[in-house]
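Observations on chain architecture
Here are the chains, one letter per residue:
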Amino acid sequence: MSFSAFDLRCESQVDPLGCDFALPRLSWKLSAEKGERGTCQSAYRIQAGSLPGLADLWDSEKVQSDQSVFIPWGGPKLLSRQRVYWRVKVWDSGDKPSKKWSDDAFFELGLLKPADWRSAKWIGGPLVGGPHTSIPLPRLSRTFTLSKPIASARLYVTALGVYEASLNGQKVGEAELSPGWTSYFSRVRYQTRDVTKLLHEGENALVAELGDGWAVGHIGWRERGTYAERPKLLALLIVAHPDGSETLVRSDNKWQVSYGPRLAADLLMGEHYDARLPWTSLGAASVFPAPELKLDAQNGPEVKVTEILKPVRKPYRHGGSWIFDLGINLVGRIKLTVKGEAGTTIKLRYAEVLEKGPLATDGPIYTTNLRAAVNTDYYTLSGESSGEVFESKFTFHGFRYVELSGFPGEPTEKTIEGLVLHSECDKTGDFECSDPLINQLQKNIDWGWRGNSLDVPTDCPQRDERLGWTGDAQVFCRTSCFLRETGPFWHKWMGDLRDSQGPNGELPPVAPFFSGALPQDGGAAWADAGVIVPWTIYLAYGDQKILTDNYDLMKRFVNFWISTAKENLRCYPGYEKQGWMGFGDWLALDGSGKTDGGTPKELIATAYLAYSAKLFSKIADVLGKNSDARKYQSVFEKTKAAFLKRYVSPEGFIAPMTQTAGVIALHFELIPESLRPKVAEWVVRDIESRGGKTTCGFVGSSYQPHVLTEVGALGAAETLLFQKGWPSYLYAVTMGATTIWERWDGWTPEKGFQDAGMNSFNHYAYGAVGSWLYEKIAGLDTDEAAPGYKKLILRPRILDGLTHARATLQTPYGAAESHWEKKKKALVWKITVPPNTTARVYLPVQGDQKVTESGKSLDKSVGVHSLSENSLELISGTYEFEIK
């Protein structure tokens, strides 16, 4: 039996550089031969040292434990810039050690104290734009001489705005739009780059180009300058020499500032570049007082170019322009290759669809839904005889189509390429089945998340918004954890939410939050992200740190809702005179055209008060805070009683009854067991009365298929899934969508485009149905009592309309799989339980069907422990059940 540790990670990351975790947590997976059963760890030993193979920092000795995820650092206190190498040896369930240690991994600390920045200053250029007027973007540079050999070198760098650094003409790192978006009033992240190989003895040149980014440019619907009046840089280069000495290059007044060809660059408006213009020095850089904000290490994924796309067909001409089709509604920018006369200016506009609709193959691009976002780049040629390449640097677009105006000559498919941008999180899960439309839906869900996980979970990537809406985040968070390794991503965003919490405990509708455009209290389902997201990440990864980090935030938030409730009712009648009632069931179709739907806001808010109190009680219990666990369970019970008294009749009728009202009442366990069938029956009847269609908006839709499955109405959930007319999940797919639409009816043949004021074609919220496909249809889920897939729940629901369904997931412990397929006389179900885990398996048996496993009866199959007739307990390994 092969048995050893591999895929070593620190805080879920491979060899993180420049982290600032005070107590880093270490994880690994166990190798096992394919199909091998019972691979389980009984003990581990961690060794950590200043060099590979050494244990001069920490030797845990043999620890009797089956834990292999989030093991806390047990060595001495870590220091700034310290690099730690570590390795693991494991013992199996028979107390037999692995034959060898794992390969060495490492993590390296960043700058843990302000003094570690060695008096580096914030610097920038002299030019300042206005509320609506951009400025040319500065380039800051410094030359320096290294007179000794180089042992290692690190560049610690950040900006108010965004930056791209280079050393000796080579870009430093692969990240884009660094340092990303945080609440710059509170904190900004810095990045650590290993630049050892970019330096040489003699003269060197360090350059940083700055862009407006989120700090200086337009965000949301606001004018420029929300956080800063101009972009600024903070940088420290530390070069270590073999003799133990160091050379420091810090940002200060020794740097030069230049302006040149990049005339403007705004995330919403686009970029203007005149290749004829040289960089012209204006002398020494300006030095600015240090802003009062915290410098945090990156500690998570960065935005990168993750894929390059080519047009799917030849460009076509419309009027005086050329239009390219990249085949997918992506987020990023383009690379333009062109040759022409100096002074020729090319205008590049971007759009998600064509004016004739999403199925059109020609005609002009549709840009009305971009609102005030200009979303346009300009490139003026230098006239280089060999041709030239333009690639915008400090903006991004949401688009499928690119319109080129002013192009010299006739372009080809090679004229442009699409560069896909998003936070680089490892792909972990997939789903496929026998229905091609559902498979395309799954692809759309994934592409929608990729485009909207650009450092913050944005609601849309194309118009003048692109904000981290809390409501969208909480409904989709669970699905994101299946698609990608998103734990560090959500840790970062919860920091944004902590920075954005109001003085009374309110949580806003967007994070990072900026006052003036939106209320401080985000309202029901939006503000509740503060509790739902940490709980979801805990379930998906077994990560208690996200609970402890945000415990005070959650407690203050739930207490705020309690303090503003009246007789345990949240957003009671008259509350609108003193507070925000919330967004309601956003974009529901039961509200006579109202965007907030027909479900009363007070009903939604009271239900969410109960739900958040219940989840917070569970969180307190997990963390051993028993008093809080009891207190907030009591809040749940009291709010539930108030909900029942006000909204639910003795016959189980909710007034007013909407699909969303019934769904959230059932999902949040606000309905007594005796009445649950009646409420569920009403929801099913309403779906049937509408021809098998939903009326739910953002609030109800994410829970609806789960609830229908749990109450035994799988047929109704299947009807909703296979529905092709709008409103439905597959309608947009039939219209050629490659991402999830904001509205069920973003475009219809009868009405054309929906309200251009709010009609995104890349809006991931309705993609939350993905979690139902993975957890309920494929049947791959985690046990709340042993989260992070330490114990799997495997329980597929076999749909009449599918012949097979398969989900795979790279869990913190390794690969899991659930794959069922209908054969002529049997249902075959293949599953993989990762090493060092177990699974509770619910067999989809009907009537007197018989079950065998790999051709053997269940009582003779190795690794199968029967709990009941159709429920089994399995050890790790691969199994194949046949049910007939």
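The structure we're discussing is the one just above.
Read on for an overview of the structure.

The rules behind each value
Residues numbered from 1 in each chain as written. Predicted model: local features only at pLDDT ≥ 70, side-chain atom pairs only at ≥ 80, totals over all residues. Heavy atoms only, no water. Helix = DSSP H or I, 4+ residues; strand = E, 2+ residues; numbered from the N terminus. Rg over C-alpha atoms; globule rule 2.2 N^0.38 Å. Buried < 20%, exposed > 50% of the residue type's maximum accessible area, 1.4 Å probe, protein only. Contact = heavy atoms within 4.5 Å. Areas by Shrake-Rupley, 256 points an atom, 1.4 Å probe, with all protein chains shown as cover. Lys, Arg positive; Asp, Glu negative; His and termini not counted. Charge placed at Lys NZ, Arg CZ, Asp CG, Glu CD. Core = buried A, V, L, I, M, F, W, Y, C linked by side-chain atoms within 4.5 Å. Pairing = 2+ DSSP bridges.

1. A word on the overall build of the protein chain
Helix and strand counts for the protein chain come out as 16 helices and 48 strands. A compact globule built from 884 residues should have a C-alpha radius of gyration of about 29 Å, and the protein chain, at 28 Å, falls within 12% of that. Viewed in the frame of its principal axes, the protein chain has a C-alpha envelope of about 80 × 70 × 60 Å. Burial status across the protein chain gives 63% buried among its 884 residues. When contacts within the protein chain are restricted to residue pairs at least 6 apart in sequence, those whose partners lie at least 24 apart make up 73%. About 32200 Å² of surface is accessible on the protein chain, with carbon and sulfur atoms providing 49% of the total. Separation of charge centres in the protein chain, based on 101 positive and 104 negative side chains, amounts to 1 Å.

2. As for the nonpolar core
Counting residues in hydrophobic clusters, the biggest one holds 190 residues, and the most contacted among them are W214, F431, W493, Y608, I654 and F881. With 13 residues, helix 8 (residues 601-622) is the single largest residue contributor to this core. Once residues within four sequence positions are removed from consideration, Y608 is found in contact with Q474, A524, A525, D528, I532, W561, F668, V699 and Y703. If you look at the next biggest cluster of nonpolar residues, it comprises 27 residues, including A208, L237, W255 and A285.

3. As for the pairing of strand 21 (residues 270-274)
Most of strand 21 is tucked away, with four of its five residues classed as buried. The sheet contact formed by strand 20 (residues 262-266) and strand 21 spans four bridges and is antiparallel. Across the sheet, A265 pairs through a bridge with E271, a residue of strand 21. Connecting strand 20 to the antiparallel partner strand 21 that follows it, the hairpin turn spans three residues. Note: strand 21 against strand 31 (residues 376-380), three bridges, orientation parallel. By the bridge assignment for strand 31, D274 is matched with T380.

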